[in-house]
Amino acid sequence: MSIEEKSNNSNILSTIEDNPELMISRKNDHISICETKDVESLGENFSQYFFTPEALPEFHFNEVNTSQKFLGQTFSLPILITGMTGGVAKGQEINETLALVAQKYNIPMGLGSQKMMLSDSKFQKLFDVRKVAPHVFLIGNLGAVSLNYGIKTEDIQRLIDKLQLNAFALHLNALQECIQPEGERNFSNLLNKIENIVKTISVPLIIKEVGSGISPETFKKLVSVGVASVDVGGKGGTSWGYIEGLRSQNDGQRLGELFRNWGMRTDESLLACSRLKKELGYNIPLVATGGMRNGLQVAKAVALGATMAGVGLPLFRAAISNENGSTPLETVEKELQFFQKALSITMFCSGARTLKELSSRIAGVTKC
Ligand SMILES: Cc1cc2nc3c(=O)[nH]c(=O)nc-3n(C[C@H](O)[C@H](O)[C@H](O)COP(=O)(O)O)c2cc1C
């Protein structure tokens, strides 16, 4: 059956009893496309910002402190491995590798959407990373639009209990659903449903975009219903409109090309939300995901108001690689150490002993 034929089925059946075969083939498509193709939107984030160098830092490099508080826990780095995969054999391997590293380096990690687990509990073992990383701070994930296609609060709580999740993320992905052949496009009344989830589940709720960014107006609405954190998920990294175009036939591919660079850049979205946060006195942590490719960008994101920076594609590719005789685990560690080193060097060379101090060292275009 073609994706289009399957999608006709799923549009009728679009509930949590949805066709698991379709979800498996979608997960595998996403993994192989992200592994092998150029899937990013254009433009480097944060390139117009720079730190004032400090020639005389007056402290030892070893005193640089990269620790950050997020959702009630202190992490060693302001880096979050953003939710990506799971539910298929390859996804399970990737998640286990990422979870081992996240636990070792004391950083939080997201899982990819667990919708499959709600269609059949046999998929649980393909998301369960607790057996390899019992102490990792783990964030669950579903599409917010699923709340209009049969998923209920009890289902989310079931995922939280079964996978022993520390937080839950609902993703907003309107563009992806529009271009995805089998996309779910009824986004009506979701804010109310999000509010209900916030009030009912036992862990903090994060709302995340997946590459189009969050405007300050939408940020305000999300804050008004009490979400615990917002990930601005902006343009500049993995482009889900484009990826779904690559999975499509006919005009889907052209739409994917057309919308490859849709949205607000991660830096624009972060700065706009961060300004509003200051102006209205919100006390809600922002996450900056989308095109974060090194520790210098992480430092800039933190300086401009992010509590955490989310990293996806570079760690996904490291977790799937088998190059240079290194194991995927070693490659992920190496990549994360690259982020860590560049972040520490940025802090030292701009005279910031702590992450808080970074904000007074950044210059460039107007900051918040
Ligand atoms: C292979 C892959 C699968 C993904 N699956 C999900 C998902 O299930 N749920 C979600 O919220 N985001 C998903 N994402 C999006 C990421 O969480 C992130 O928002 C996006 O990749 C941008 O970050 P990047 O530019 O660092 O990759 C996925 C990303 C990748 C690379």
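Above this text sits the structure in question.
Residues numbered from 1 in each chain as written. Predicted model: local features only at pLDDT ≥ 70, side-chain atom pairs only at ≥ 80, totals over all residues. Heavy atoms only, no water.

Caption draft 1: Local environment of the site of the ligand. In the neighbourhood of the ligand, 21 residues make up the surrounding shell, with Gly83, Met84, Lys208, Thr238 and Arg293 lying closest. For the ligand, an oxygen atom lies 2.9 Å from a polar atom in the backbone of Leu313. Protein coverage of the free-state accessible area of the ligand, which is 600 Å², stands at 95%. The residue inventory of the shell around the ligand, partitioned by class, reads seven nonpolar, twelve polar and two charged. (Near = heavy atom within 4 Å. Polar contact = N/O pair within 3.5 Å; in protein donor to acceptor, adjacent residues only side chain to side chain. Areas by Shrake-Rupley, 256 points an atom, 1.4 Å probe, with all protein chains shown as cover. Nonpolar A, V, L, I, M, F, W, Y, C, P; charged D, E, K, R; others polar.)

Caption draft 2: Highlighting the side chain of Arg247. Structurally, the position occupied by Arg247 is in helix α9 (residues 240-247). Engagement of the side chain of Arg247 in a polar contact is seen with the side chain of Glu182, the distance being 3.1 Å. (Helix = DSSP H or I, 4+ residues; strand = E, 2+ residues; numbered from the N terminus.)

Caption draft 3: View of the packing of aromatic side chains. Inspection of the entire model under this criterion finds five aromatic pairs. Seen in terms of ring centroids, Phe75 and Phe137 are 5.2 Å apart; in terms of plane orientation they differ by 85°. Their pairing is edge-to-face. Residue Phe75 is located in strand β3 (residues 73-75), and its partner Phe137 is located in the loop between α4 (115-119) and β6 (138-143); the two are separated by 62 residues in the primary sequence. Phe75 sits in the buried class, given a relative accessible area of 1%. Exposure remark for Phe137: the relative accessible area of 5% places this residue in the buried category. Consider the rings of Phe259 and Trp262, whose centres lie 5.6 Å apart with planes at 65°: the pair is edge-to-face. A relative accessible area of 25% places Phe259 in the partly exposed class. Overall, Trp262 belongs to the partly exposed group, its relative accessible area being 49%. Taken together through their ring pairs, the aromatic side chains of Phe59, Phe61 and Phe348 make up a single cluster. For the cation-ring pair, Arg260 lies above Tyr242, with the distance from its terminal atom to the ring centre recorded as 3.8 Å. (Phe/Tyr/Trp six-rings, centres within 6.5 Å; stacked < 30°, edge-to-face > 60°. Buried < 20%, exposed > 50% of the residue type's maximum accessible area, 1.4 Å probe, protein only. Lys NZ or Arg CZ within 6 Å of the ring centre and 35° of its normal.)

Caption draft 4: Main features of the nonpolar core. Membership of the largest hydrophobic core comes to 94 residues, with the highest contact counts inside it found for Ile156, Phe168, Leu170 and Phe219. Excluding anything up to four places from it in sequence, Ile156 contacts Leu142, Leu147, Ile151, Phe168, Leu170, Ile197 and Ile201. (Core = buried A, V, L, I, M, F, W, Y, C linked by side-chain atoms within 4.5 Å. Contact = heavy atoms within 4.5 Å.)

Caption draft 5: Inspection of the environment of Asn28 at higher detail. By the secondary structure assignment, Asn28 is in helix α2 (residues 20-36). According to the relative accessible area criterion, Asn28 is partly exposed, its value standing at 34%. When the C-alpha positions of Asn28 and Gly87 are compared, they lie 9.4 Å apart, and in sequence the two are 59 residues distant.

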